[in-house]
Amino acid sequence: RGRFSKLDAERHLERDGVSTLEPWRVTAEAWKTFSGIQIPVRGRVTWRLRGGDFDYYLWEIVDVEYDPT
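What counts, and where the lines are drawn
- Residues numbered from 1 in each chain as written.
- Predicted model: local features only at pLDDT ≥ 70, side-chain atom pairs only at ≥ 80, totals over all residues.
- Heavy atoms only, no water.
- Core = buried A, V, L, I, M, F, W, Y, C linked by side-chain atoms within 4.5 Å.
- Buried < 20%, exposed > 50% of the residue type's maximum accessible area, 1.4 Å probe, protein only.
- Helix = DSSP H or I, 4+ residues; strand = E, 2+ residues; numbered from the N terminus.
- Patch = residues over 30% accessible without salt bridge, like charges linked within 9 Å, V, L, I, M, F, W, Y side chains within 5 Å.
- Areas by Shrake-Rupley, 256 points an atom, 1.4 Å probe, with all protein chains shown as cover.
- Salt bridge = Lys/Arg side-chain N within 4 Å of Asp/Glu carboxyl O.
- Pairing = 2+ DSSP bridges.

Participant: Help me understand the nonpolar core in this model?
Facilitator: Considering soluble globular proteins, one finds that nonpolar side chains tend to be buried as a cluster. Listed in full, the six residues of the largest apolar core are Leu13, Trp24, Val26, Val45, Trp47 and Trp59. Residue assignment for this core shows that the elements contributing at least two residues are strand E2 (18–34) and strand E3 (37–49).

Participant: Is there a simple way to think about a nonpolar patch on the surface in this case?
Facilitator: A cluster of nonpolar residues, Phe54, Tyr56 and Tyr57, forms a patch on the protein surface that exposes about 380 Å² of accessible area. On the secondary structure map, Phe54 appears in strand E4 (residues 52–60). Take Phe54: its relative accessible area is 45%, and that puts it in the partly exposed class.

Participant: Explanation requested: the pattern of salt bridges in the structure shown.
Facilitator: As enumerated under the stated definition, the model contains six salt bridges in all. Here Arg25 and Asp8 are joined by a salt bridge, their closest N and O atoms 2.6 Å apart. Here the residue Arg25 occupies a position in strand E2, and Asp8 occupies one in strand E1 (residues 6–15), the gap between them amounting to 17 residues. Judged by relative accessible area, Asp8 falls into the partly exposed class, the value being 49%. The closest approach of N and O atoms between Asp53 and Arg48, which form a salt bridge, is 3.1 Å. Overall, the relative accessible area of 51% leaves Asp53 in the exposed class. Among the residues examined, Arg48 registers a relative accessible area of 33% and is labelled partly exposed. Here the salt bridges do not stand alone but share partners, grouping Glu29, Arg42, Arg44 and Asp55 into one network.

Participant: It is not clear to me how the pairing of E3 should be interpreted in this structure. Could you clarify?
Facilitator: Regular strands place their side chains on alternate faces of the sheet. Both E2 and E3 contribute to a ladder of 10 bridges, which runs antiparallel. Each bridged residue has a counterpart across the sheet, and for Arg25 the counterpart in E3 is Thr46. Two successive antiparallel strands, E3 and E4, enclose a turn made up of two residues.

None of the figures reported here should be taken as evidence of function without further support.
And the structure:
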């Protein structure tokens, strides 16, 4: 379908004044079509840490407004 299900990257995480590169994942859990264009509308951003996963951000798009000009 050409849609992504997850994106992995390494991101800087600062703890106690020290920055380290840590695994980070963006997951698309639902898709919806707005004006003929399919976009991800729900998902999460997760730090994949040694001590376990930490969901940093949960997101959901409920409506899209655009300027067609």
